[in-house]
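The primary structure of each chain is shown beneath.
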Amino acid sequence: MSDDTRAGDTVGTPAYMSPEQARGETVTTASDMYSFGLFLQVLFTERGPHEEGLTAPQVVERAARGESVVHRGVDRDIGSLITSLKSLAPSDRPTALDVIDRLTGIATRTRRAMQRVAAIA
């Protein structure tokens, strides 16, 4: 443990914290999956996971409750993945291997659809 942290301290980037991390509970790989869901949301919506203008403590409070902005305007499969990654209960979140499988499937379907469009054009 470094001199900068003490047992029970909450450490991390508030905007990407899982609920359990924001509450100071045990952090597991499921916490990383929650954060990855928020990252995907930002990647596909080009909007932060929380409203603009909130203070860090306000963001941590929202994170502790599992609140973030709703992802809109994304592909249905991506939206479903983001929703599952942002599940409040860590046990309900997909594992990293599950996410890789789902993203691979999405990419494959997208590639096939683009090939069909190119063939029609």
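Up top you'll find the structure we're talking about.
Sequence order sets the numbering: in each chain, residues are counted from 1 along the sequence as written. This being a predicted model, a pLDDT of at least 70 is required before a residue's local features are given, and a value of 80 or more before pairs of side-chain atoms are given or counted; all residues contribute to the totals for chains, interfaces and linings. Think of the side-chain values as coming from all heavy atoms in the structure, minus any hydrogens and water.

A. Summary view of helix α4 (residues 76–85). Per-residue accessibility, obtained with a 1.4 Å probe over protein chains only, is compared with the maximum for each type, and a residue is labelled buried under 20%, exposed over 50%, and partly exposed between these values. Starting at the N terminus, helices and strands are each numbered in turn, a helix being any DSSP run of H or I of at least four residues and a strand any DSSP run of E of at least two. Of all the residues in α4, the buried ones are Ile78, Gly79, Leu81, Ile82, Ser84 and Leu85. Note on contacts: a residue pair is in contact if any heavy atoms of the two residues lie within 4.5 Å. Taken together, the buried residues of α4 touch α2 (29–45) and α5 (96–120). Whenever two N or O atoms come within 3.5 Å, that pair is a polar contact, provided that in protein one can donate a hydrogen and the other can accept it, and provided that, for residues adjacent in sequence, both atoms are side-chain atoms. One side-chain oxygen at the N-terminal end of α4 lies 2.9 Å from the backbone nitrogen of Asp77; it belongs to Asp75.

B. Seen up close, the nonpolar core. Buried Ala, Val, Leu, Ile, Met, Phe, Trp, Tyr and Cys residues that are joined via side-chain atoms within 4.5 Å together make up what is termed a nonpolar core. Within the largest apolar cluster, nine residues are counted, these being Met33, Leu40, Val74, Ile78, Leu81, Ile82, Leu85, Val99 and Ile106. Elements with a minimum of two residues in this core: α2, α4 and α5. The element that contributes the greatest number of residues to this core is α4, accounting for four residues.

C. Expanded view of the packing of α2 against α4. Here an axis means a line fitted to C-alpha atoms, over the contact stretch when the element is a helix, while the angle between two N-to-C directions is reported on a 0 to 180 degree scale. The N-to-C vectors of α2 and α4 enclose an angle of 145°; their axes lie 8 Å apart at closest approach. Both α2 and α4 take part in a crossing whose hand is left-handed. Along the contact surface, α2 presents Met33, Tyr34, Phe36, Gly37, Leu40, Gln41 and Phe44, while α4 presents Ile78, Leu81, Ile82 and Leu85. Here the contact of α2 with α4 is composed, by residue class, of nine nonpolar, two polar and no charged. A clockwise turn of the near helix away from the far one marks a right-handed crossing, whereas an anticlockwise turn of less than a right angle marks a left-handed crossing. Side-chain classes follow a simple rule in which Ala, Val, Leu, Ile, Met, Phe, Trp, Tyr, Cys and Pro form the nonpolar group, Asp, Glu, Lys and Arg form the charged group, and the remainder, Gly included, forms the polar group.

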